[in-house]
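So the chains spell out like this:
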Amino acid sequence: MQTPTFKLNGNGRNAHQHCSHHEEDELGDHHIPTSMDTPMRADAFLMSDDEKIEAISKHFEQIMHVLGMDLSDDSVRGTPRRVAKMYVKEIFAGLDPENAPQPTLFDNRYQYRQMLVERNIPVRSTCEHHFQPILGVAHIAYFSKGRVIGLSKLNRVVEHFSRRPQVQERLTVQIAHALRRMLQTEDVAVYIDAQHLCVSQRGIRHEGCSTVTSDYGGKFLNEQVRNEFLASIR
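First, a word on what this report is: a plain description of the structure on this page. All figures in this text were calculated on a predicted structure; none of them were measured in a lab.

Considerations on the overall build of the chain
Consideration 1: Within the chain, the regular secondary structure consists of seven helices and seven strands.
Consideration 2: Beginning at the N terminus, the succession of helices and strands in the chain can be written as α-α-α-β-β-β-β-α-β-α-β-α-β-α.
Consideration 3: Here the chain holds 234 residues, and the buried ones make up 37% of them.
Consideration 4: Sequence separation of 24 or more characterises 70% of the internal contacts of the chain that already satisfy a separation of 6 or more.
Consideration 5: In the structure as shown, the chain presents an accessible area of about 14,400 Å², 50% of it carried by carbon and sulfur atoms.

Printed below as a string of structure tokens:
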């Protein structure tokens, strides 16, 4: 499958071309995705987790120093390492493909042929433009093509792709593509409703706004089937 690339502005500039600081700020403020794939370097996994934690800790210590924090204070002395460990082992653990969930599939022996929906799966991700939280829920539905997946694995797929710097549109597509590959069917729907703290805590500072994204394939391209799904999650 060819990865789609989204134009960033009227000039068709893409992520590999140079942007000024003003243009970079505009890209972040408009939350524009550049690709279906998370932007990663080829050497992203040459360092061990422990090496990454050590390096990030030193860099974050410098950030705190520049901000004027007194790192000799007992309260913040361990903050750089805590932040580094949190980044590598927790909130960005989904960057490592080794952490991807392995699907647990079963034969559909009870011949259930109707839509299966799992609602209100927690989404806890991080906006890649400002490193602020994205918090919301995902709703997933699919029709079995002979195999069914363990329900908890739906949650784990959402969790895996959420635990990385993200754009909500990309997150939605990545979850949908992963489930279609696992279930070997196009009959998958993903719907995410989330709040972005980079909107409520900085910039415009508007609270209560949420962003809705969706991805429909196979039977869900039929309006009646799609409406049945939307009715079930409302």
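Let's talk about unusual backbone geometry
Consideration 1: The residue Q111 is not glycine, and still its phi comes out positive at about 55°.
Consideration 2: On the secondary structure map, Q111 appears in the loop between β1 (105–107) and β2 (116–127).
Consideration 3: Taking relative accessible area as the criterion, Q111 reaches 45% and is therefore assigned partly exposed.
Consideration 4: Positive phi, normally seen in glycine, also occurs at F131, with a value near 55°.
Consideration 5: Tracing the sequence through the fold places F131 in the loop between β2 and β3 (133–142).
Consideration 6: Taking the relative accessible area as the measure of exposure, F131 reaches 40% and is therefore partly exposed.

Details of helix α5 (residues 168–183)
One full turn of an α-helix is made of 3.6 residues, so residues set three or four places apart face in the same direction.
Consideration 1: End to end, α5 covers 23 Å across 16 residues, agreeing with the expected 22 Å (1.5 Å per residue, within 8%).
Consideration 2: Counted residue by residue, α5 has 12 buried out of 16 residues, so it is predominantly covered.
Consideration 3: Where α5 is concerned, the buried positions are Q168, R170, L171, T172, Q174, I175, A176, A178, L179, R180, M182 and L183.
Consideration 4: At the exit of α5 stands Q184, carrying a positive phi of roughly 55°.

Here we look at the nonpolar core
Consideration 1: Counting 25 residues, the largest nonpolar core has I140, V157, V158, I175, L179, V190 and I192 as the members making the most contacts within it.
Consideration 2: When contributions to this core are tallied by element, the ones reaching two or more residues are β2, β3, β4 (147–149), α4 (151–162), α5 and β6 (188–196).
Consideration 3: Here this core takes seven residues from α5, the largest share from any one element.
Consideration 4: Setting aside chain neighbours within four positions, we find L179 in contact with I140, L154, V157, Q184 and V188.
Consideration 5: In terms of nonpolar packing, the next biggest core, distinct from the first, is built from 10 residues, A141, A189, V225 and L230 among them.

A short note on the side chain of D187
Consideration 1: Following the sequence through the fold, D187 ends up in the loop between α5 and β6.
Consideration 2: Apart from the residues within four sequence positions on either side, D187 is in contact with A141, Y142, F143, K145, G217, G218, K219 and F220.

As for the packing of helix α2 (residues 49–66) against helix α3 (residues 79–91)
Consideration 1: Following both chains from N to C, one finds α2 and α3 inclined at 135°, their axes separated by 8 Å at the closest point. Taken together, the axes of α2 and α3 are oblique relative to one another. Of the two elements, α2 crosses α3, and the hand of that crossing is right-handed. Counting all contacts with α2, which are made through D49, K52, I53, E54, I56, S57, F60, E61 and M64, the residues of α3 involved are T79, P80, R81, V83, A84, K85, Y87, V88 and K89.
Consideration 2: Along the lines of polarity and charge, the residues of the contact of α2 with α3 split into nine nonpolar, two polar and seven charged.

Thresholds applied
- Residues numbered from 1 in each chain as written.
- Predicted model: local features only at pLDDT ≥ 70, side-chain atom pairs only at ≥ 80, totals over all residues.
- Heavy atoms only, no water.
- Helix = DSSP H or I, 4+ residues; strand = E, 2+ residues; numbered from the N terminus.
- Buried < 20%, exposed > 50% of the residue type's maximum accessible area, 1.4 Å probe, protein only.
- Contact = heavy atoms within 4.5 Å.
- Areas by Shrake-Rupley, 256 points an atom, 1.4 Å probe, with all protein chains shown as cover.
- Expected span 1.5 Å × (residues − 1).
- Core = buried A, V, L, I, M, F, W, Y, C linked by side-chain atoms within 4.5 Å.
- Axes fitted to C-alpha atoms, helices over the stretch in contact; angles between N-to-C directions.
- Parallel < 35°, antiparallel > 145°, perpendicular 65-115°, else oblique.
- Left-handed = near helix turned anticlockwise from the far one by under 90°.
- Nonpolar A, V, L, I, M, F, W, Y, C, P; charged D, E, K, R; others polar.

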